[in-house]
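Listed here are the chains, written in short residue letters.
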There are 2 protein chains.
Amino acid sequence: MSEVEEPMRLVHLLRGLTVELDLFGAEFASRNGLHPTDLRALIHLLDAARAGEVVTPGRLGEALHLNSAGTTGLVDRLERLGLIRRERDPQDRRRVLLRVEERAMELGQGFFGGLIGDLLGAMRGFDPAELDVARRFLEAMTGVVTAARRAGPE
Amino acid sequence: MSEVEEPMRLVHLLRGLTVELDLFGAEFASRNGLHPTDLRALIHLLDAARAGEVVTPGRLGEALHLNSAGTTGLVDRLERLGLIRRERDPQDRRRVLLRVEERAMELGQGFFGGLIGDLLGAMRGFDPAELDVARRFLEAMTGVVTAARRAGPE
DNA sequence: GCGATTATCTCGCTGAACGAGAGAAATGAT
DNA sequence: ATCATTTCTCTCGTTCAGCGAGATAATCGC
């Protein structure tokens, strides 16, 4: 194996990993009557809820690159599924706050819980120094992709 | 930082990385008038072409989890875009072979080329032993996700 | 040959997401 | 204070990816 092969193999591993994660999410979504977009929205809402942030339809649509009409449809869907609740903001009554229901938390737990546990389990096969290398590596790769995205894929 | 925090941070890094890669792909796709499915199909076709394998609509649809009607639509789209060409298999004239056009190769190069170069560049900041750790780490994580997917997300 | 199987495509439909724009509430200038 | 502007959400009508059902055509097994 030459010295060029090893990094290239890592690139393919990265790609393969993202494909697997996507498929995992897609299968979970379809089992629960969710569309890919719904799952992405749910993840975003749960992240925000955990960070103690308030999400409005506008912000959600922005995060998912949906226009306002599509966002309304998405919020309607999530509300119909009992995952979120609309609530007028008393401070600024133009705004609607999206409250995450208990059911959404449970669903998120079902999605992430098991997988995260397994990932953490697999990480126990690495010592702290190795995990630190992995962290630096992932940070470096994420930085590259983020930068490339900002610059715009040519 | 406790010892539990570090692995959890790695989980979030992994997730963040896949999100960034997805967004990168989605932006590239929409810039070129492609749907997410079209890009996934293109990647699949280019991979197969590089491996010297022949792809038929049936196999492509299977890989992307589309039914036959959806697959026909997808192939129509790709053909209309001049990315692939339909060709009857002379051996088994029920089958159609999907030939990848030059244009698709160039498009794939535009998508992967720059990003891969940047990723390889960033990897030069790691010595061989570290890259080996990263490889083992990614393989372990991929294994977990693949296994979880087969078992079925609960 | 002839029925069963395989591979692809056609038809009609559903629904996610879009563009355009309406409607309500807040903000700022005069 | 009032009126124009801006902000936020939602409605309407449309487009199009993907689905289910089934038609069509070629191959294979007996």
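A short tour of the structure in this document, coming up. The structure displayed is predicted, hence computed values, not measured ones.

Here is what the cut-offs are and how they apply
Residues numbered from 1 in each chain as written. Chains lettered and ligands numbered in written order. Predicted model: local features only at pLDDT ≥ 70, side-chain atom pairs only at ≥ 80, totals over all residues. Near = placed C-beta within 6 Å. Helix = DSSP H or I, 4+ residues; strand = E, 2+ residues; numbered from the N terminus. Nonpolar A, V, L, I, M, F, W, Y, C, P; charged D, E, K, R; others polar. Least-squares fit on C-alpha atoms with pLDDT ≥ 70 in both. Contact = placed C-beta atoms within 7 Å. Expected span 1.5 Å × (residues − 1). Buried ≥ 20, exposed ≤ 12 C-beta atoms within 10 Å, placed from the backbone. Core = buried A, V, L, I, M, F, W, Y, C linked by C-beta atoms within 7 Å.

**Let's talk about the protein's contact with DNA strand D**
Turning to step 1, where the next piece is worked out: The local shell around DNA strand D holds 24 residues, among which Thr56, Gly58 and Ser68 of chain A together with Ala69 and Gly70 of chain B are the closest.
Turning to step 2, where the next piece is worked out: Contributions of two or more residues to the surface near DNA strand D are made by helix H3 (57–64) and helix H4 (68–80) of chain A together with helix H4 (68–80) of chain B.
Turning to step 3, where the next piece is worked out: For the surface near DNA strand D, the element with the most residues is H4 of chain B, which contributes 6 residues.
Turning to step 4, where the next piece is worked out: Along the lines of polarity and charge, the residues of the surface near DNA strand D split into 7 nonpolar, 10 polar and 7 charged.

**Description of the relation of the copies chain A and chain B**
Turning to step 1, where the next piece is worked out: Note on the copies: chain A fits chain B at an RMSD of 0.1 Å, the axial shift is 0.0 Å, and the rotation between them is 179°. Here the copies are linked by what is in effect a two-fold axis.
Turning to step 2, where the next piece is worked out: An overlap of 100% is found between the interface residues of chain A and their copies at the interface of chain B, pointing to a shared contact surface.

**Remarks on the protein's contact with DNA strand C**
Turning to step 1, where the next piece is worked out: The full set close to DNA strand C counts 24 residues, and Ala69 and Gly70 of chain A together with Thr56, Gly58 and Ser68 of chain B are the nearest of them.
Turning to step 2, where the next piece is worked out: A total of 6 residues in the surface near DNA strand C trace back to one element, the largest contributor, which is H4 of chain A.
Turning to step 3, where the next piece is worked out: Classifying every residue of the surface near DNA strand C by side-chain character gives 7 nonpolar, 10 polar and 7 charged.

**Thoughts on helix H2 (residues 36–50) of chain B**
Residue and element names in this part refer to chain B.
Turning to step 1, where the next piece is worked out: Its 15 residues place the ends of H2 21 Å apart at the C-alpha level, agreeing with the 21 Å of an ideal helix rising 1.5 Å per residue.
Turning to step 2, where the next piece is worked out: Turning to H2, its buried residues are Arg40, Ala41, Leu42 and Leu45.
Turning to step 3, where the next piece is worked out: Where H2 is buried, its residues touch helix H3 (57–64), H4, strand E1 (84–88), strand E2 (96–100) and helix H5 (102–123).

**Examining the interface of chain A and chain B**
Turning to step 1, where the next piece is worked out: Listed by partner, the interface residues are 46 residues for chain A and 46 residues for chain B.
Turning to step 2, where the next piece is worked out: Contributions of two or more residues to the side of chain A that touches chain B are made by helix H1 (5–31), helix H5 (102–123) and helix H6 (128–151) of chain A.
Turning to step 3, where the next piece is worked out: Within the side of chain A that touches chain B, the residues separate by chemical class into 29 nonpolar, 7 polar and 10 charged.

**Comments concerning the nonpolar core**
Turning to step 1, where the next piece is worked out: Core analysis: the biggest nonpolar cluster contains 30 residues, and Ala134 and Met141 of chain A together with Ala134 and Met141 of chain B have the highest contact counts within it.
Turning to step 2, where the next piece is worked out: At the level of secondary structure, the elements contributing two or more residues to this core comprise H1, H5 and H6 of chain A together with helix H1 (5–31), H5 and helix H6 (128–151) of chain B.
Turning to step 3, where the next piece is worked out: Apart from the residues within four sequence positions on either side, Met141 of chain B is in contact with Leu17, Leu119 and Ala122 of chain A together with Leu14 of chain B.

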